[in-house]
Amino acid sequence: MFKEAFSGFSVKNLDEAKEFYGSTLGLDIDSGPMGMHIKIAGTNVFVYDKADHTPATFTILNFPVDDIEQAVKELSAKGVEFEHYEGLTDDQGIARGIAQKRGPDIAWFKDPAGNILAVLQEA
């Protein structure tokens, strides 16, 4: 019945999103008449402008990485600011789940529209 499926989310400014996802994060972006597609390892995520955009209150995209400290360092150098949650994240913004046997090490950050994203390193 279904040929495929893809995810999507809104932003308040598509030009800012293109710059952030394409230049800052270095992802492959295809622009179209209704928004843009982010292509990540065979996955297609649709991003569209929405005048009354409200940022997601949950993590909309997770990016697995081999070395979370290196990823945080590289993204920070590009101007990405990591979220800090008292009692959960360290001074780099990393929640150390592996050491506490509670899941992956993870660090959250936001796109220009306020949507929450994360880099994570699994054990």
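Up top is the structure.
Every value quoted in this text rests on a predicted model; they were computed, and no experiment measured them.

1. Here we look at the layout of surface pockets
Considering only enclosed or pocket space, the largest pocket measures out at about 210 Å³ in volume. Lining the largest pocket are T24, L25, L27, F63, V65, A71, E74, L75, K78, F109 and V119. Counting residues per element, the lining of the largest pocket draws most heavily on helix α2 (residues 68-77), which supplies three residues. Partitioning the lining of the largest pocket into residue classes produces eight nonpolar, one polar and two charged.

2. Observations regarding α2
Of all the positions in α2, only I68, A71, V72 and L75 are classed as buried. For α2, the angular spread of buried residues about the axis comes to 100 degrees, placing them on one side. Pointing more than 90 degrees away from the buried face of α2 are the exposed residues K73 and A77. The secondary structure elements touched by the buried residues of α2 are α1 (14-24), β6 (94-96), β7 (105-110) and β8 (116-121). Backbone geometry just after α2 places G79 at a positive phi near 95 degrees.

Each value, and the rule that gives it
Residues numbered from 1 in each chain as written. Predicted model: local features only at pLDDT ≥ 70, side-chain atom pairs only at ≥ 80, totals over all residues. Heavy atoms only, no water. 1 Å grid on protein atoms, 1.4 Å probe; cavity = no way out; pocket = protein on both sides within 12 Å on 5 of 7 lines; lining within 4 Å. Points joined across faces, edges and corners; volume = space filled by probe spheres on them. Helix = DSSP H or I, 4+ residues; strand = E, 2+ residues; numbered from the N terminus. Nonpolar A, V, L, I, M, F, W, Y, C, P; charged D, E, K, R; others polar. Buried < 20%, exposed > 50% of the residue type's maximum accessible area, 1.4 Å probe, protein only. Arc of directions from axis to C-beta. Contact = heavy atoms within 4.5 Å.

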